[in-house]
Amino acid sequence: MQILFLGAPGAGKGTQCKRLAANLKLIHLSSGDLLREAVKNGTAAGMTAKSYMDQGKLVPDPVLIEMFAEKLSSPACAGGFILDGFPRNLAQAKALDELLVKIKKQLSCVIDINVADGLIHERITGRRVCSKKECATPFHIKFQPPKQEGICDACGAELMIRSDDKPELVDERLKAYHELTMPLIDYYKQKGLLETVEGEGEPEQIFKSILKVLKVAV
Ligand code: AP5
Ligand code: MG
């Protein structure tokens, strides 16, 4: 299966994609995680990306398109993948269409996790993420607290606050989402691929809704 997730910053894409990937044995490709890793490693892509991420703006398309062209054509993705955060505008969606033709794959489903803007601030400002890049599990100080404060339940590494999870950046990130990413909802609706899942409520319930639209049992 090749599944694509859409949704606002803080909608719960990472939370749900991690669990889904583990259950369905699919590769989870999070654009944000890949960019943060590139920044940490000081690669050319990372150096370009950093200033945009720090302002809550989208990173230029060529950086993402090149990154995903490489990932999607790797043998690791041959058994199926979950895209989380790419594409994020129409130019990237068209580039993805071309990449999929090249690797002879099709999207099985596009899932939009729908969350009202009013909930996003609290979700983002209370987020803590595992500092180990292979793990990167998201927690929330109120909604999904770790068993031991500051420590990842999954791997025991320290939790950290993402550098773009600043209250003053949330509106900028939401603005980019509304202006540039929301048009993808119609793009994939017209292709007959779109499913909308209510993203407010318990993560467990949302996971069940996702399994239902995918028509899979775990
Ligand atoms: P990215 O890392 O993708 O950030 P994002 O889209 O802003 O989304 P988030 O990761 O913030 O949220 P999420 O939906 O994954 O939510 P999560 O599960 O963590 O991108 C970062 C930056 O990189 C962008 O701003 C941009 O600069 C750049 N970038 C990335 N992709 C790009 C692209 N394609 N093109 C150009 N630039 C790009 O959950 C959030 C919090 O809520 C957590 O604390 C979680 O514990 C909690 N939570 C989850 N579910 C629930 C629930 N049901 N109830 C209560 N709390 C919940
Ligand atoms: Mg995420």
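Before going into details, it helps to say that this report is about the structure given with it. (Residues numbered from 1 in each chain as written. Chains lettered and ligands numbered in written order. Predicted model: local features only at pLDDT ≥ 70, side-chain atom pairs only at ≥ 80, totals over all residues. Heavy atoms only, no water.)

Of the two faces of strand β3 (residues 81-84), the one lined by F81 and L83 and the one lined by I82 and D84 are each fully buried. Looking at chain direction, strand β1 (residues 2-7) and β3 are connected through four bridges and run parallel. What sits directly across from Q2, in β3, is F81. (Buried < 20%, exposed > 50% of the residue type's maximum accessible area, 1.4 Å probe, protein only. Helix = DSSP H or I, 4+ residues; strand = E, 2+ residues; numbered from the N terminus. Pairing = 2+ DSSP bridges.)

A word on the nonpolar core. Core analysis: the largest hydrophobic core is formed by 56 residues, its most contacted members being I3, F5, L20, L96, I111, Y188 and L214. No other element matches helix α9 (residues 203-214), which puts six residues into this core. Counting residues in hydrophobic clusters, the runner-up holds six residues, among them C130, F139, C152 and A157. (Core = buried A, V, L, I, M, F, W, Y, C linked by side-chain atoms within 4.5 Å.)

Following the criterion strictly, the structure yields two aromatic pairs and no others. Judged by centre distance (4.2 Å) and plane angle (10°), the rings of F68 and F86 are stacked. With F68 in helix α4 (residues 61-72) and F86 in the loop between β3 and α5 (90-102), this pair connects stretches of sequence that are 18 residues apart. The same class applies to F68 as to F86, namely buried. When the ring of Y187 is compared with that of Y188, the centres are 5.1 Å apart and the planes differ by 85°; the resulting orientation is edge-to-face. With respect to class, Y187 is no different from Y188; both count as buried. (Phe/Tyr/Trp six-rings, centres within 6.5 Å; stacked < 30°, edge-to-face > 60°.)

Here we take up unusual backbone geometry. The omega angle of the peptide bond from F86 to P87 is 5°, so this bond is cis rather than trans. Within the element layout of this structure, P87 appears in the loop between β3 and α5. Positive phi, normally seen in glycine, also occurs at A136, with a value near 50°. Relative to the assigned elements, A136 resides in the loop between β5 (127-130) and β6 (138-140).

Not every one of the 34 residues close to ligand 1 is listed here, only the nearest: T15, K57, R88, R127 and Q144. Contact between ligand 1 and R127: an oxygen atom at 2.6 Å from a side-chain N or O atom of the residue. Within the side chain of R162, one N or O atom sits 2.9 Å away from an oxygen atom of ligand 1. Isolated, ligand 1 exposes 1,000 Å² of accessible area, and the fraction of that covered by the protein chains is 97%. Elements supplying a minimum of two residues to the shell around ligand 1: α1 (13-24), α2 (31-41), β6 and α9. (Near = heavy atom within 4 Å. Polar contact = N/O pair within 3.5 Å; in protein donor to acceptor, adjacent residues only side chain to side chain. Areas by Shrake-Rupley, 256 points an atom, 1.4 Å probe, with all protein chains shown as cover.)

Right, let's get into α2. Among the residues of α2, those classed as buried are S31, G32, L34, L35 and A38. Down the axis of α2, the smallest arc covering the buried residues is 165°, so these residues share one side. Pointing more than 90 degrees away from the buried face of α2 are the exposed residues K40 and N41. Elements in contact with the buried residues of α2: β2 (27-30), α3 (44-54), α4 and β3. Count one or two residues on from α2 and you reach G42, which has phi positive near 65°. (Arc of directions from axis to C-beta. Contact = heavy atoms within 4.5 Å.)

This brings us to the sheet that holds β6. Picture the strands of a sheet paired through backbone hydrogen bonds; they go either parallel or antiparallel. An order of β6-β5-β7 is seen for the three strands of this open sheet, with the pairing classed as antiparallel. Looking at strand neighbours, the two that pair on one side only are β6 and β7 (159-160), the edges of this open sheet. With three bridges connecting them, β5 and β6 associate as antiparallel partners. Residue pairing in the sheet places R127 in a bridge with H140 of β6. Contacts between helix α6 (residues 117-125) and the sheet are confined to β5 and β6, with β5 contributing the most and set at about 45° to the helix. (Axes fitted to C-alpha atoms, helices over the stretch in contact; angles between N-to-C directions.)

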